[in-house]
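These are the residues of each chain, in order.
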Amino acid sequence: MKKLLAVLGDPIEHSLSPIMHNDLLAHYMIDAHYHPFKVKKEDLPMAVKGLKAIGASGFNVTIPHKTAIMPLLDRIDELALKIGAVNTVVNEDGQFVGYNTDGPGFIRGLEQVIDSVENRKVLIIGAGGAARAIYFSLAQKGLKNIDIANRTVSKAQELIRECPYLVSSKAISLEEFKGHLMSYNLIIQTTQIGMYPRTNEQPLSLESLNKDAFVCDIIYNPFESQFLREARLNGCGTQNGIEMFVFQGALAFEKWTGKFPDTHRMKNIVMEQLGGTKC
Ligand code: ATR
């Protein structure tokens, strides 16, 4: 019988996950279908119950359900529990188990283009949900120096206080960071600033950037945010958010099927959907 995989969110119409996962399922001849379901906040418990009743093999959860899903699951993996957000659920012998593949997906994507992520001195810009997943995942991996710049410093301080892994971090405002960028060799932009349609905005200027720094932006619409463009023009290596999206999906696919998929193929599908050229 055909197995069911799904993504629950609201809105969900523009999700690229169904096209990406259904292409992989067909490619590997796995008899399953990945379906998007628009689920309102108040309907999430009922939706999860329904998926369990029909024996779904697993599903993704996206905005606004990543935290609300947690009490509805049978078990939650340690990293997801600490991050406080689940994006992937796996049916393990009838039990729904929650994982977070966003942070690990970001790291796997980054490892495609830079060596020795472990030795980097990191600056994370932003202190929301995406920053939290990336910060905790990098700290779990053993990175020792990760500072956080945020408009609201108290939120960055809270993130640092709540991090369960051993890491040296300081919280600073976006203003204060101007002119202090030189000491970082990995900079990760996690806010929505610069995303379509407000493409001429950026969270901070990269004037005093270290030329050896590698700069990431989790935005992929546009492909190159103004922030990334400034970094590239400064001579830095850059990466947009497509790898994070692809690798969070690849890690989820592996959990559901036991197979780590062809991420190059996934990236091409995503690029095609976004109107870019194949790599
Ligand atoms: P997500 O879960 O997608 O990461 P979020 O939790 O809403 O999103 O977090 C958004 C991040 O973008 C926060 O760090 C926010 O800063 P504050 O904590 O000060 O709110 C940051 N952010 C959003 N709009 C911003 C703006 N115009 N200028 C500076 N920072 C902004």
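It should be noted that the structure appears before, not after, this text.
These numbers come from a predicted model, not from an experiment. (Residues numbered from 1 in each chain as written. Predicted model: local features only at pLDDT ≥ 70, side-chain atom pairs only at ≥ 80, totals over all residues. Heavy atoms only, no water.)

Colleague: Would you mind going over the overall build of the chain with me for this structure?
Modeller: Broken down by element type, the chain carries 10 helices and 12 strands. What you see for the chain is a C-alpha radius of gyration of 19 Å, in line with the 19 Å of a compact globule of 279 residues. In terms of overall dimensions, the chain has C-alpha extents of about 60 × 40 × 35 Å along its principal axes. Buried positions account for 48% of the 279 residues belonging to the chain. Within the chain, contacts between residues separated by at least 24 positions form 64% of all contacts whose residues are at least 6 apart in sequence. Taken as a whole, the chain presents about 13100 Å² of accessible surface, with 51% of it coming from carbon and sulfur. Distance between charge centres in the chain, computed from 30 positive and 30 negative side chains, equals 1 Å. (Helix = DSSP H or I, 4+ residues; strand = E, 2+ residues; numbered from the N terminus. Rg over C-alpha atoms; globule rule 2.2 N^0.38 Å. Buried < 20%, exposed > 50% of the residue type's maximum accessible area, 1.4 Å probe, protein only. Contact = heavy atoms within 4.5 Å. Areas by Shrake-Rupley, 256 points an atom, 1.4 Å probe, with all protein chains shown as cover. Lys, Arg positive; Asp, Glu negative; His and termini not counted. Charge placed at Lys NZ, Arg CZ, Asp CG, Glu CD.)

Colleague: Looking at this structure, I do not really get the nonpolar core. What am I missing?
Modeller: Across soluble globular proteins, you tend to see nonpolar side chains buried next to one another. Membership of the largest hydrophobic core comes to 31 residues, with the highest contact counts inside it found for Ile124, Leu138 and Ile188. Elements with a minimum of two residues in this core: helix H3 (78-83), helix H4 (102-111), strand E7 (121-125), helix H5 (129-141), strand E8 (145-150), helix H6 (153-162), strand E10 (186-189) and strand E11 (214-217). Among the elements that line this core, the one with the most residues is H5, at 7 residues. What Ile124 contacts, discounting residues up to four positions off in sequence, is Ala131, Ile134, Tyr135, Leu138, Ile146, Asp147, Ile148, Ala149, Ile188 and Thr190. Counting 23 residues, the second-largest nonpolar core is a separate cluster that includes Ile12, Leu24, Ile242 and Phe247. (Core = buried A, V, L, I, M, F, W, Y, C linked by side-chain atoms within 4.5 Å.)

Colleague: When you look at the site of the ligand in this model, what are you seeing that I'm missing?
Modeller: Neighbouring the ligand are 13 residues; Ala127, Gly129, Asn150, Arg151 and Thr152 lie closest to it. In the environment of the ligand, an oxygen atom lies 2.6 Å from a nitrogen or oxygen atom belonging to the side chain of Asn150. Lys155 is positioned such that a nitrogen or oxygen atom in its side chain is 3.1 Å from an oxygen atom of the ligand. Notes on the ligand: free accessible area 640 Å², of which the protein chains cover 65%. In terms of residue class, the shell around the ligand is made up of 4 nonpolar, 7 polar and 2 charged. (Near = heavy atom within 4 Å. Polar contact = N/O pair within 3.5 Å; in protein donor to acceptor, adjacent residues only side chain to side chain. Nonpolar A, V, L, I, M, F, W, Y, C, P; charged D, E, K, R; others polar.)

Colleague: So what exactly am I meant to see when it comes to the packing of aromatic side chains here?
Modeller: In this description, an aromatic ring pair is defined by two values, namely the gap between the centres and the angle between the planes. Per the counting criterion, the structure on display carries 6 aromatic pairs. Plain terms: the ring middles of Tyr34 and Trp256 are 5.9 Å apart, the flat faces sit at 55° to each other, and that makes the pair tilted. Placement of Tyr34 in strand E2 (residues 32-38) and of Trp256 in helix H9 (residues 242-257) is noted, with a sequence separation of 222 residues between them. Both residues of the pair, Tyr34 and Trp256, belong to the buried class. Centre to centre, the rings of Tyr220 and Phe245 are 5.9 Å apart; their planes meet at 45°, and the pair counts as tilted. On the criterion of sequence distance, the pair formed by Tyr220 in the loop between E11 and helix H8 (226-233) and Phe245 in helix H9 is long-range, its members being 25 residues apart. On the basis of relative accessible area, Tyr220 is assigned to the partly exposed category, the value being 25%. Note that Lys52 overlies the ring of Phe96, its terminal NZ or CZ placed 5.4 Å from the centroid. (Phe/Tyr/Trp six-rings, centres within 6.5 Å; stacked < 30°, edge-to-face > 60°. Lys NZ or Arg CZ within 6 Å of the ring centre and 35° of its normal.)

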